[in-house]
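Chain by chain, the residues:
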Amino acid sequence: MGKGLQVYPGLFDPVTQMGLSEIGAVSATVDSSETGGYNPDVAAATAVLPSSEHIPVTRAAGITEVLAVPGSGGFDFSGNRGVIGGQASAFNLAGWTMEDMQIKRSVAMVLNWPQIQTRTFDFATFSRKEKPYADASRNTKNRLTS
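To start, this report covers the structure provided alongside it. None of the values given here were measured: they were computed from a predicted structure.

Rules used throughout
- Residues numbered from 1 in each chain as written.
- Predicted model: local features only at pLDDT ≥ 70, side-chain atom pairs only at ≥ 80, totals over all residues.
- Heavy atoms only, no water.
- Helix = DSSP H or I, 4+ residues; strand = E, 2+ residues; numbered from the N terminus.
- Buried < 20%, exposed > 50% of the residue type's maximum accessible area, 1.4 Å probe, protein only.
- Contact = heavy atoms within 4.5 Å.
- Areas by Shrake-Rupley, 256 points an atom, 1.4 Å probe, with all protein chains shown as cover.
- Core = buried A, V, L, I, M, F, W, Y, C linked by side-chain atoms within 4.5 Å.
- Pairing = 2+ DSSP bridges.
- Axes fitted to C-alpha atoms, helices over the stretch in contact; angles between N-to-C directions.

1. Observations concerning the overall build of the protein
Here is step 1: Along the protein, the regular secondary structure elements total 4 helices and 6 strands.
Here is step 2: Taken across its 146 residues, the protein has 32% of its residues classed as buried.
Here is step 3: For the protein, long-range pairs separated by at least 24 residues make up 63% of all intrachain contacts whose partners lie at least 6 apart in sequence.
Here is step 4: Total accessible area on the protein is roughly 9,900 Å²; 58% of this is exposed by carbon and sulfur atoms.

2. Here's the deal with the nonpolar core
Soluble globular proteins tend to bury their nonpolar side chains together.
Here is step 1: Counting residues in hydrophobic clusters, the biggest one holds 13 residues, and the most contacted among them are M18, V48, I55, V66, A68, F91 and L93.
Here is step 2: Of all the elements, strand β2 (residues 63–68) adds the most residues to this core, at 3 residues.
Here is step 3: In this view, I55 contacts M18, L49, P50, F91, L93 and M101; residues no more than four positions away in its chain are not counted.
Here is step 4: Among the nonpolar cores identified, the runner-up in size contains 5 residues, and L67, V69, A88 and A90 belong to it.

3. Regarding unusual backbone geometry
Here is step 1: Phi angles above zero are rare outside glycine, and F126 is one such case at about 50 degrees.
Here is step 2: Tracing the chain through its elements places F126 in the loop between β5 (119–122) and β6 (127–130).

4. Structural notes on the sheet that holds β2
In a beta sheet, neighbouring strands are held together by backbone hydrogen bonds and run either parallel or antiparallel to one another.
Here is step 1: If you trace the 4 strands from one edge of the open sheet to the other, you get β1-β2-β3-β4, paired in mixed fashion. The sheet is open, and its two borders are formed by β1 (11–16) and β4 (102–111), each paired with just one other strand. Each strand axis lies, on average, 20 degrees off the axis of its neighbour in the sheet, ignoring direction.
Here is step 2: Sheet topology note: the strand β3 (residues 84–92)/β4 ladder contains 6 bridges and is antiparallel. Counterpart to Q87 in the pairing with β4 is M109.

5. Considering the pairing of β2
Here is step 1: Where β1 meets β2, 4 bridges bridge the pair, whose relative direction is parallel. Following the sheet pairing, T16 is matched in β2 by A68.
Here is step 2: Sheet analysis places β2 next to β3, joined by 4 bridges and oriented antiparallel. Bridge pairing links V66 to F91 in β3.

This is the structure in C-alpha coordinates:
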(Lines give C-alpha, C1' and ligand atoms only; values in the text may rest on other atoms or scores of the structure.)
Protein backbone atom coordinates (compact mmCIF):
# COMPACT_ATOMS: atom_id res chain seq x y z
CA MET A 1 0.00 0.00 0.00
CA GLY A 2 2.89 2.40 0.73
CA LYS A 3 5.06 1.10 -2.10
CA GLY A 4 7.05 3.83 -3.82
CA LEU A 5 6.37 6.38 -1.05
CA GLN A 6 8.94 7.95 1.22
CA VAL A 7 8.62 7.92 5.02
CA TYR A 8 10.22 10.55 7.21
CA PRO A 9 10.47 10.48 11.00
CA GLY A 10 8.68 13.16 12.95
CA LEU A 11 10.84 15.52 14.98
CA PHE A 12 10.37 16.44 18.65
CA ASP A 13 10.84 20.02 19.91
CA PRO A 14 11.96 19.63 23.55
CA VAL A 15 11.57 23.24 24.75
CA THR A 16 8.95 25.49 23.20
CA GLN A 17 6.03 27.69 24.04
CA MET A 18 3.96 26.21 21.23
CA GLY A 19 0.27 26.91 21.81
CA LEU A 20 1.06 29.22 24.74
CA SER A 21 1.90 32.29 22.66
CA GLU A 22 0.11 33.32 19.48
CA ILE A 23 1.13 36.93 18.76
CA GLY A 24 3.91 38.21 21.00
CA ALA A 25 2.94 41.87 20.58
CA VAL A 26 -0.66 41.21 21.69
CA SER A 27 -0.61 40.35 25.38
CA ALA A 28 -4.12 38.85 25.29
CA THR A 29 -2.78 36.03 23.08
CA VAL A 30 0.20 35.18 25.31
CA ASP A 31 -0.39 32.74 28.18
CA SER A 32 3.14 31.53 28.78
CA SER A 33 3.52 32.41 32.46
CA GLU A 34 1.65 33.19 35.65
CA THR A 35 2.24 35.99 38.11
CA GLY A 36 4.45 35.24 41.06
CA GLY A 37 7.79 33.51 41.31
CA TYR A 38 6.65 30.05 42.40
CA ASN A 39 3.99 28.23 40.34
CA PRO A 40 4.47 24.46 40.78
CA ASP A 41 0.74 23.82 40.23
CA VAL A 42 0.58 25.40 36.76
CA ALA A 43 0.49 22.90 33.87
CA ALA A 44 1.14 24.12 30.33
CA ALA A 45 -1.58 21.81 28.95
CA THR A 46 -4.23 23.96 30.65
CA ALA A 47 -3.23 27.03 28.63
CA VAL A 48 -2.32 25.46 25.26
CA LEU A 49 -4.51 26.73 22.41
CA PRO A 50 -5.11 23.72 20.10
CA SER A 51 -6.29 26.04 17.29
CA SER A 52 -3.05 28.05 17.30
CA GLU A 53 -1.94 29.08 13.81
CA HIS A 54 1.62 28.03 14.72
CA ILE A 55 0.70 24.35 15.09
CA PRO A 56 -0.04 23.46 11.43
CA VAL A 57 2.96 25.48 10.25
CA THR A 58 5.25 23.69 12.70
CA ARG A 59 3.74 20.31 11.79
CA ALA A 60 4.34 21.03 8.09
CA ALA A 61 8.01 21.66 8.92
CA GLY A 62 8.30 18.10 10.25
CA ILE A 63 7.86 18.61 13.99
CA THR A 64 5.18 16.22 15.21
CA GLU A 65 5.50 16.42 19.02
CA VAL A 66 6.50 19.23 21.38
CA LEU A 67 7.14 19.89 25.02
CA ALA A 68 5.34 23.13 25.96
CA VAL A 69 7.29 24.80 28.76
CA PRO A 70 5.65 27.59 30.79
CA GLY A 71 7.66 30.49 32.18
CA SER A 72 10.91 29.30 30.62
CA GLY A 73 12.22 32.44 29.00
CA GLY A 74 13.55 32.37 25.45
CA PHE A 75 13.33 34.51 22.35
CA ASP A 76 9.54 34.67 22.15
CA PHE A 77 9.01 35.23 25.86
CA SER A 78 8.04 38.55 27.43
CA GLY A 79 6.31 37.46 30.62
CA ASN A 80 7.30 36.82 34.20
CA ARG A 81 10.16 34.39 34.61
CA GLY A 82 9.65 32.94 38.08
CA VAL A 83 11.93 30.53 39.90
CA ILE A 84 9.39 27.71 39.42
CA GLY A 85 7.63 28.34 36.11
CA GLY A 86 5.27 25.36 36.26
CA GLN A 87 4.88 21.92 34.71
CA ALA A 88 5.87 21.20 31.12
CA SER A 89 3.35 19.25 29.00
CA ALA A 90 4.06 16.95 26.05
CA PHE A 91 1.60 16.89 23.18
CA ASN A 92 1.21 15.79 19.59
CA LEU A 93 0.59 18.47 16.96
CA ALA A 94 -2.27 16.50 15.38
CA GLY A 95 -5.75 16.78 16.84
CA TRP A 96 -8.62 19.20 17.47
CA THR A 97 -8.66 19.35 21.26
CA MET A 98 -6.00 19.19 23.95
CA GLU A 99 -7.43 15.84 25.03
CA ASP A 100 -6.75 14.48 21.51
CA MET A 101 -3.27 16.00 21.37
CA GLN A 102 -2.00 15.44 24.90
CA ILE A 103 0.71 12.80 25.37
CA LYS A 104 1.34 13.56 29.04
CA ARG A 105 0.02 16.50 31.06
CA SER A 106 2.97 16.77 33.46
CA VAL A 107 6.38 15.76 32.12
CA ALA A 108 8.79 18.02 33.98
CA MET A 109 8.96 20.86 36.49
CA VAL A 110 10.38 24.07 35.03
CA LEU A 111 13.07 25.66 37.19
CA ASN A 112 14.80 28.93 36.37
CA TRP A 113 17.88 29.24 38.56
CA PRO A 114 18.55 32.84 39.58
CA GLN A 115 21.66 34.34 38.05
CA ILE A 116 23.94 36.68 39.91
CA GLN A 117 24.96 39.49 37.54
CA THR A 118 28.27 41.11 38.41
CA ARG A 119 28.53 43.10 35.18
CA THR A 120 26.35 46.08 34.41
CA PHE A 121 26.29 48.48 31.49
CA ASP A 122 26.59 52.19 32.20
CA PHE A 123 24.71 54.10 29.51
CA ALA A 124 26.25 57.42 30.58
CA THR A 125 29.78 56.26 29.68
CA PHE A 126 28.84 53.40 27.32
CA SER A 127 31.06 51.05 29.24
CA ARG A 128 30.73 47.89 31.29
CA LYS A 129 31.24 48.05 35.01
CA GLU A 130 32.17 45.19 37.28
CA LYS A 131 30.36 44.97 40.62
CA PRO A 132 31.89 43.10 43.57
CA TYR A 133 30.38 39.62 43.87
CA ALA A 134 29.19 40.25 47.44
CA ASP A 135 27.17 43.30 46.35
CA ALA A 136 25.71 41.49 43.34
CA SER A 137 24.79 38.49 45.49
CA ARG A 138 23.08 40.73 48.06
CA ASN A 139 21.10 42.52 45.30
CA THR A 140 19.97 39.18 43.85
CA LYS A 141 18.86 37.87 47.27
CA ASN A 142 16.93 41.09 47.95
CA ARG A 143 15.25 40.87 44.55
CA LEU A 144 14.18 37.23 45.10
CA THR A 145 12.74 37.84 48.55
CA SER A 146 10.76 40.95 47.65
